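Below, each chain spelled out in residue letters.
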Amino acid sequence: MIEGVRYRFLFRHSGVVKSAVTALGLAFFVLLASCAPRLPMAPDDEYDTQTIAVLSQAIRLLENRYIDPLPPEQLAFKAIEGLQPLDPDIKVDLTPDLIIARYGKDPITRLPLPADTPDDDANNNSANVWASLVMDCVRAYRVYSPALRQVSALDLQSYLISGAIDGLDPYSRYENPNRAAISRDRREGYIGIGVDVIAGSGYPVIKKITENSPATQYGLHPGDQIVSVDGTDLYNRSRLDVSQQLKGAPETIAQLEINPTGSNMVRAVSVPRARIIARTVFPEIRHNALIIEVSSFNNDTADEIDQAIHDARIWSNGPLQGIIMDLRGNRGGLLNQGVSVADAFLTSGPIGTTITRVPAAKHIFTSDARDVTHGLPLVVLINGRTASSAELVAAALQDRARAVLVGSTSFGKGAVQAINDLANHGTITFTWSRLVAPSGYTFDRIGLHPAICTSKAADISPRQLVLDSQKQTGQLSAIMAAWRQVNFLDESTRHKLRNTCPPSYDADKFDIDVALALIENPVAYGYFRQQTALEIAGMPTNR
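Here the structure is a predicted model, which is why all the values come from computation and not from measurement.

Q: What's the story with the packing of helix α14 (residues 462–471) against helix α18 (residues 522–531) in this structure? I'm lost.
A: A pair of packed helices is characterised by two quantities: the angle between their axes and the separation of those axes. At their nearest, the axes of α14 and α18 sit 11 Å apart, and the two run at 45° to each other. With respect to each other, α14 and α18 are oriented oblique. Between α14 and α18 lies a crossing whose hand is left-handed. Counted together, V466, S469 and Q470 of α14 and V523, A524, Y527 and F528 of α18 form the full contact between these two elements. Classifying every residue of the contact of α14 with α18 gives 5 nonpolar, 2 polar and no charged.

Rendered as structure tokens:
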């Protein structure tokens, strides 16, 4: 095509004959081109090599570490299907011997499937072969698909890997490098000044400031514009770029130029960088009871809870009468932090285990002999948004007769995900095990049942609800026994059991008032502990 343009330019002023010859030649060239088979585009060596490496790593991880066995041909097939949101005409068929790439209805290439490689030593090479096969199909599609030709390498990797894991389970996902960095900072913290910004058009504006961060201490406020960092002008910089500029090594100084909100003056501010991690624990004392709201589990959560208990003993008007741990709306987070939180309230014994085919994902979690509260009454609040690590904490405390659960049936996410860093700095997160409570059942898909259900309570005082629930002798223990024995795959029975205390998604004051009333009633507190734990000990479970 390029040569055709060049020759047409040379003949433009050469007369009618040459123009006619040129027109005939072009027509003949087009006819030949339409009859000749289309060949795959030549690879972009750098980008395609990077994509093969990243996709190969993802296939290898999924094949070896996903909770259920995944054949590589399935992953390759699904990876190619992942291109369809980009271009719906991209189609693929799989036969026992071939992978057939189609564009629309027309097959454009047929490629033989790699031979089986059962030897574990060949696994790395096998993943690379399958990733290369996917890229051969991508190159064929590029000839026909303008959208695919224009996509960047990172976006192509996102389509392929997201396609490979599509439909595995609700929790497996791929995050591109930008999203992965944000998630990593949320889990592990980062070195910076503690601001979140709106950026991309004009100068970045501070949207939010982390509590007790250097930004707070040095007088920055939401709405302030950041003009520059360390001499680098930030006009029209992306949010990711601004965030990277604000980060740095520990104990370094960020030299900022700030345009305060409501002012036309720019001032210089020197703000030391420090480790920033979002606060997850929010304590208060009410009626000599410590209420600890735990929003999620990150690297600091267990330490924050320990500090909250220590501070409450100092600041309470009298001796602490009990602790209320509010896990409503807590969707989980770092599993090891959930284990540490449960450990803080338990003496020696089990916290939970995992079931999996993956050796690296097999864990037995146990508590040490130290209960930091010395056995203070403990009530845990749960609702339909309590999930994952938060459910493990509540299940361990319930099974071990250490706490009474109040609220509604929880979400039911006992699946554990592994977060894997990829070569492109993105992450692939997938399920590799399921959690098992100390009594031996997995709460995945069914959740936890509270001792006192508030989702059905109407026009009743907290104290009366405690008393009425206590009168239902034998009913609670029967529900708990059935709860732990239901078949993991029995959707109908699980649904019926969950409806005995329907999930609630509110986090209102009533649940806290019920917990306070329970702490004030030692007889009722002891009754509910036993009904939800000891009477089911030794019975068969749904594991």
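Q: Could you clarify how one ought to interpret the pattern of salt bridges in this entry?
A: Opposite charge on two side chains permits them to pair, given that their charged atoms come into close proximity. Summed over all chains, the structure comprises 22 salt bridges. We note a salt bridge from E81 to K78, for which the minimum N-O separation is 3.8 Å. Taken as a pair, E81 and K78 lie in helix α4 (residues 72–81) at a separation of 3 residues, close to a single helical turn. Residue E81 is classed as partly exposed on the basis of its relative accessible area of 26%. Put simply, R139 and D136 hold a salt bridge, and the shortest N to O gap is 3.0 Å. Taken as a pair, R139 and D136 lie in helix α5 (residues 123–144) at a separation of 3 residues, close to a single helical turn. Ionic contacts of the salt-bridge type, sharing partners, join the residues D48, D136, R139 and R142 into one network.

Q: I would appreciate a short explanation of the side chain of Q157 in the present structure.
A: Mapped onto the secondary structure, Q157 falls in helix α7 (residues 153–165). Given the relative accessible area of 3%, Q157 is considered buried. Side-chain polar atoms of Q157 contact the side chain of T51, separated by 3.2 Å. Setting aside chain neighbours within four positions, we find Q157 in contact with Q50, T51, V54 and N424.

Q: Explanation requested: the packing of aromatic side chains in the structure shown.
A: Remark: the centre distance and the inter-plane angle together describe each pair of aromatic rings, the angle taken between the planes. Under the definition given, this model contains 4 aromatic pairs. Note on Y103 and Y144: the rings are 5.8 Å apart at their centroids and 25° apart in plane angle, and the pair reads as stacked. With a gap of 41 residues between them, Y103 in strand β2 (residues 98–103) and Y144 in helix α5 connect regions that are remote in the sequence. Residue classification places Y103 among the buried positions, given a relative accessible area of 18%. On the basis of relative accessibility, which here comes to 24%, the residue Y144 falls in the partly exposed class. Where Y203 meets Y235, the ring centres are 5.1 Å apart and the plane angle is 65°; that geometry is what we call edge-to-face. Of this pair, Y203 sits in the loop between β6 (195–198) and β7 (205–209) while Y235 is found in the loop between β9 (232–233) and α10 (239–246), placing the two residues 32 residues apart along the sequence. A residue is classified by how much of its surface remains accessible, and Y203, at 25% relative accessible area, is partly exposed.

Q: Can you walk me through a nonpolar patch on the surface in this structure?
A: Judged by side-chain polarity, I285, I314 and W315 come together as a nonpolar surface patch covering roughly 360 Å² of accessible area. With respect to the helices and strands, the residue I285 is situated in strand β13 (residues 281–286).

Q: Explain the state of the cysteines here, please?
A: Linking two cysteines covalently via their sulfur atoms produces the bond known as a disulfide. Throughout the structure, instances matching the rule amount to 1 disulfide. Each sulfur of the disulfide joining C453 and C501 lies 2.1 Å from the other. With the S-S bond torsion at 95°, the cross-link from C453 to C501 turns out right-handed. Taken as a pair, C453 in strand β22 (residues 452–453) and C501 in the loop between α16 (491–498) and α17 (509–519) lie far apart in primary sequence, 48 residues in all. Here C453 falls in the buried class, since its relative accessible area comes to 16%.

Q: Just to check I follow, could you spell out the sheet that holds strand β15 (residues 322–326) for this structure?
A: Hydrogen bonds between backbone atoms are what pair the strands of a sheet, whose relative direction is either parallel or antiparallel. In spatial order, the strands read β13-β14-β15-β18-β19-β22; together these 6 strands make up an open sheet with mixed pairing. Each of the sheet's edge strands pairs with one partner strand only, and the pair in question is β13 and β22. Inspection of the sheet shows β13 paired to strand β14 (residues 289–294) by 6 bridges, in the antiparallel sense. For I285, the partnering residue across the bridge sits in β14 and is L290.

Q: Hey, could you run me through the side chain of D399 in this one?
A: Residue placement: D399 occurs in helix α13 (residues 389–399). On the basis of relative accessible area, D399 is assigned to the buried category, the value being 10%. Leave out the neighbours within four places in its chain, and D399 touches A437, P438, S439, Y441, R484 and A533.

Q: Got a minute to help me understand the sheet that holds strand β3 (residues 106–112) in this structure?
A: Taken in spatial order, the 3 strands of this open sheet run β1-β2-β3, and their pairing is antiparallel. The sheet terminates laterally at β1 (90–94) and β3, the two strands that pair on one side only. Each neighbouring strand pair of the sheet contributes to a mean axis angle of 20°, computed without reference to strand direction. As paired elements, β1 and β2 share 5 bridges and run antiparallel to each other. Opposite K91, over in β2, you have R102 as the bridge partner. Each of β1 and β2 touches α4; the most contacted strand, β1, lies at about 165° to it.

Rules used throughout
- Residues numbered from 1 in each chain as written.
- Predicted model: local features only at pLDDT ≥ 70, side-chain atom pairs only at ≥ 80, totals over all residues.
- Heavy atoms only, no water.
- Axes fitted to C-alpha atoms, helices over the stretch in contact; angles between N-to-C directions.
- Helix = DSSP H or I, 4+ residues; strand = E, 2+ residues; numbered from the N terminus.
- Parallel < 35°, antiparallel > 145°, perpendicular 65-115°, else oblique.
- Left-handed = near helix turned anticlockwise from the far one by under 90°.
- Contact = heavy atoms within 4.5 Å.
- Nonpolar A, V, L, I, M, F, W, Y, C, P; charged D, E, K, R; others polar.
- Salt bridge = Lys/Arg side-chain N within 4 Å of Asp/Glu carboxyl O.
- Buried < 20%, exposed > 50% of the residue type's maximum accessible area, 1.4 Å probe, protein only.
- Polar contact = N/O pair within 3.5 Å; in protein donor to acceptor, adjacent residues only side chain to side chain.
- Phe/Tyr/Trp six-rings, centres within 6.5 Å; stacked < 30°, edge-to-face > 60°.
- Patch = residues over 30% accessible without salt bridge, like charges linked within 9 Å, V, L, I, M, F, W, Y side chains within 5 Å.
- Areas by Shrake-Rupley, 256 points an atom, 1.4 Å probe, with all protein chains shown as cover.
- Disulfide = S-S within 2.5 Å.
- Pairing = 2+ DSSP bridges.

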